[in-house]
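Close look at the chain arrangement
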Amino acid sequence: MVKKLYTLFVALVLVPAFAFSNEEHHEGHEKGHTEEKFKAGEMIIEHVSDAHSIHFFNTETFHATLPLPCIVFGPNGLDMFMSSNLFDEHGHPKAYVAGSGTVYQVSHEGGSETIMYLDGDKWVPSLDFSITKNVVGLFIGLLLLVLIFRKIGKSYQKNGVAAPSNIFQSLLEPVIIFIRDEVAKPAIGHRYMYFMPYLLTVFFFIFFCNLLGLIPFIGGFNITGNIAVTLVLALMTFIIMVSKANGAFWMHILAPPGVPKALWLLLIPIEIIGLIAKPVVLTLRLFANITAGHIIILAFVSLIFIFQQQYGAAGAAGVSVVSVAFSIFMNLLELLVAFLQAYVFCLLSALYFGSAIEEAHH
C-alpha cells in the first residue's frame, strides 16, 4: 500500500516538477535570459490564501482555472464580472474596465488577492463581496452536510432505531454516538440534548471542510485555515454560550462568591478577559493547526523544485525520496488532524456551554 502511494505521489508531483522545470529552462535558453528562480514562500502563501479563481493546474503552457464571480463596490457603484477579466492568457494581472467605467486590477500584495480600483492616479482596495475559492469550498461543505444527513435522517424516520441501512449511516452513526456520550453528556450534563444539533453540525462541518483541503487537484481549498471562517464559528459558539448562560454564571464573573470584595477589582477583570479569550482560543487553535499542516506539506514539495534549481535533476531526484515520503506521512497525519481539530472545537464548545448553564453550588 505504501509503495503504491509513493508511486502515485511521484507521478503526480515529481514528474510534473521535472517537466515544468525543464520547460522553463528550455524557454529561458531560447529567449536568452536567466530562468526565474522558484520562490517557495510565494507559492505556499498563494496556495493557503483565498483567491478569486480556482486553480487546478497552472504552468506556463497550460492553465486549468475556474473563474469565479466578482462582486465589488467601486466609486461608481456596484460592479459584477468574472475574475477571468482580471487576468491575461498567461495568468498575469491586467486592468479591467467594468460596465460602470471603473478600472479594476488584482493585487497580490500581502500574499492574498485584493481587487483594487483606480482612484485618480492611485489604486485603492474596493469593497469586495465576491464568491471566492473559500466561499465555494464552504458551499461544497454545506451541500455535503445537507445531502448526507438528509439521507441519514430519512433512514431513521423510516426504520427507527434499527441497524444502519446505508453506508453513510454505518460510517457516521458511531461518531454521532461518540459526540453524544463522550462529549456532550460529560461536559454539559442533563441538558445536553438541547445543544446536540449545534455540536453535531459544527463538528461535521469542520470535519468535511478539513477533508476537502486534503483532496489534491480539486482547487486547494483551505477553508478552516481561513481565520475569518474560524472566527465566525467561534462567535457562533460564544453567542450561544452567553445567550444561554444563567445567573450563577454571570454572578461568578461579575461578583465572585466566597471572595473578599477587596479582591473583586482584581478578579472581575481577569474573569472578563477569560470570557473574551474563549472565542479567541477557538479561532486561533483551528486556524493555526490547519494552516500549519498545509504549509508543512507544501514546504516538503517545494524542496524538489529548490534542489532542482540548485543541483539539477540529480539533486531533485535525491531529495524527492525524503520529500515525497514525508509528504505522504504528513497527508496521512492530516487525516487524523482533520478529525482531531473538529473534535477539539466541538469539545471546547460543549465545555463552554456546560459552564454557562451549570447551577450554583450551595
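See the structure shown above.
Residues numbered from 1 in each chain as written. Predicted model: local features only at pLDDT ≥ 70, side-chain atom pairs only at ≥ 80, totals over all residues. Heavy atoms only, no water.

**Thoughts on the nonpolar core**
The biggest cluster of nonpolar side chains holds 54 residues, and the ones touching the most others in it are Ile 188, Leu 199, Phe 204, Ile 206, Leu 233, Phe 345 and Phe 353. When residues in this core are grouped by element, the largest group, 16 residues, is from helix H8 (residues 264-357). When residues no more than four places from it in sequence are discounted, the contact partners of Leu 233 are Tyr 198, Val 202, Phe 205, Ile 206, Leu 286 and Phe 345. The next biggest cluster of nonpolar side chains, apart from the first, holds 10 residues, and it includes Ala 98, Val 106, Ile 115 and Tyr 117. (Core = buried A, V, L, I, M, F, W, Y, C linked by side-chain atoms within 4.5 Å. Buried < 20%, exposed > 50% of the residue type's maximum accessible area, 1.4 Å probe, protein only. Helix = DSSP H or I, 4+ residues; strand = E, 2+ residues; numbered from the N terminus. Contact = heavy atoms within 4.5 Å.)

**Considerations on the packing of aromatic side chains**
Any aromatic ring pair is given by two values, namely how distant the centres are and how the planes are angled relative to each other. Here the structure, examined in full by the defined rule, presents 17 aromatic pairs. An aromatic cluster is present here, built from Phe 149, Phe 203, Phe 204, Phe 207, Phe 208 and Phe 339 joined pairwise through their rings. Over the aromatic face of Tyr 194 sits the side chain of Arg 191, whose NZ or CZ is 5.9 Å from the ring centroid. (Phe/Tyr/Trp six-rings, centres within 6.5 Å; stacked < 30°, edge-to-face > 60°. Lys NZ or Arg CZ within 6 Å of the ring centre and 35° of its normal.)

**Points about the pairing of strand E8 (residues 122-125)**
For a regular strand, side chains alternate in direction, first toward one face of the sheet and then toward the other. Bridge analysis of strand E7 (residues 114-119) against E8 gives four bridges, and the strand direction is antiparallel. For Asp 119, the partnering residue across the bridge sits in E8 and is Lys 122. Two successive antiparallel strands, E7 and E8, enclose a turn made up of two residues, where Gly 120 displays a positive phi of approximately 75°. (Pairing = 2+ DSSP bridges.)

**Here we look at the packing of helix H3 (residues 133-159) against helix H5 (residues 192-212)**
A pair of packed helices can be characterised by two numbers: the angle between their axes and the separation between those axes. For the pair H3 and H5, interaxial distance at closest approach is 9 Å and the crossing angle is 125°. For the element pair H3 / H5, the angle class is oblique. Read as a crossing pair, H3 and H5 show a hand that is right-handed. Contacts between H3 and H5 involve Gly 137, Leu 138, Ile 140, Gly 141, Leu 142, Leu 144, Leu 145, Ile 148 and Phe 149 from the first element and Thr 201, Phe 204, Phe 205, Phe 208 and Leu 212 from the second. Of the residues contributing to the contact of H3 with H5, the split by class is 11 nonpolar, three polar and no charged. (Axes fitted to C-alpha atoms, helices over the stretch in contact; angles between N-to-C directions. Parallel < 35°, antiparallel > 145°, perpendicular 65-115°, else oblique. Left-handed = near helix turned anticlockwise from the far one by under 90°. Nonpolar A, V, L, I, M, F, W, Y, C, P; charged D, E, K, R; others polar.)

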